[in-house]
Amino acid sequence: EEAISAQMGLRYTKSGLRGSLSGFYRYGFSIIDWTRESGSDQWLASNITNVVTAGFEVSLIKNWTNSFMNSAGVTYAFLDVSKKSDGLLSLYATDFLRHKATAFLANQHTEKLSIPIFIIIIIYLPTYGLVKSNFANLLDRILTYIEKKL
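Since the structure is predicted, the reported quantities are computational estimates derived from the model, not experimental observations. (Residues numbered from 1 in each chain as written. Predicted model: local features only at pLDDT ≥ 70, side-chain atom pairs only at ≥ 80, totals over all residues. Heavy atoms only, no water.)

1. As for the pattern of salt bridges
Next, step 1: Taken as a whole, this structure holds one salt bridge when the rule is applied.
Next, step 2: The salt bridge involving Arg 98 is made with Asp 80; its shortest N-O contact spans 3.0 Å. Note that Arg 98 is positioned in the loop between strand 5 (89-90) and strand 6 (99-110) and Asp 80 in strand 4 (residues 69-84), a separation of 18 residues in sequence.
Next, step 3: By relative accessible area, which is 24% here, Arg 98 ends up partly exposed.
Next, step 4: The exposure class assigned to Asp 80 is partly exposed, which follows from its relative accessible area of 33%. (Salt bridge = Lys/Arg side-chain N within 4 Å of Asp/Glu carboxyl O. Helix = DSSP H or I, 4+ residues; strand = E, 2+ residues; numbered from the N terminus. Buried < 20%, exposed > 50% of the residue type's maximum accessible area, 1.4 Å probe, protein only.)

This is how it looks when you write it as structure tokens:
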């Protein structure tokens with residue numbers, strides 16, 4: 001696999017408020033993907049898919065010092081993925097979140113325990129399997145974070 005990537009962004013910070021906007025582009029060639037020629041063929045892993053990924057992310061975070069809540073924020077990301085694989089059917093190359101919005105609140109209970117609360121809104125999702133794996137991954141990350149703080 002090989003890729004060429006570019007990213008550009010802006011960041012604003014002032015008195016506990018932080019905002020950012022960034023755009024990105026990635027051209028990947030000879031990407032490994034599971035492909036097949038027709039619906040009845042076996043899936044084969046090969047380096048034959050070219051994938052173009054472009055998108056942007058915008059976020060706004062507010063921090064407080066003498067408050068029960070330490071921070072709150074929202075993030076929105078847009079992603080567009082297209083592939084070129086000479087008529088082959090692809091299993092993973094275009095399995096992605098097109099729109100994703102996240103909101104969070106975080107507070108500090110003790111010096112070693114901070115509990116962030118995440119609300120994730122998935123606006124478009126091509127497959128159920130991705131929802132299931134993203135939720136399991138998020139839950140695992142939250143539990144690992146809490147264990148490290150204890």
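Additional details are given in the paragraphs that follow.
2. A closer look at a nonpolar patch on the surface
Next, step 1: A surface patch of nonpolar side chains, about 340 Å² in accessible area, is lined by Leu 10, Leu 21, Phe 56 and Val 58.
Next, step 2: Tracing the chain through its elements places Leu 21 in strand 2 (residues 17-36).
Next, step 3: For Leu 21, a relative accessible area of 40% corresponds to the partly exposed category. (Patch = residues over 30% accessible without salt bridge, like charges linked within 9 Å, V, L, I, M, F, W, Y side chains within 5 Å. Areas by Shrake-Rupley, 256 points an atom, 1.4 Å probe, with all protein chains shown as cover.)

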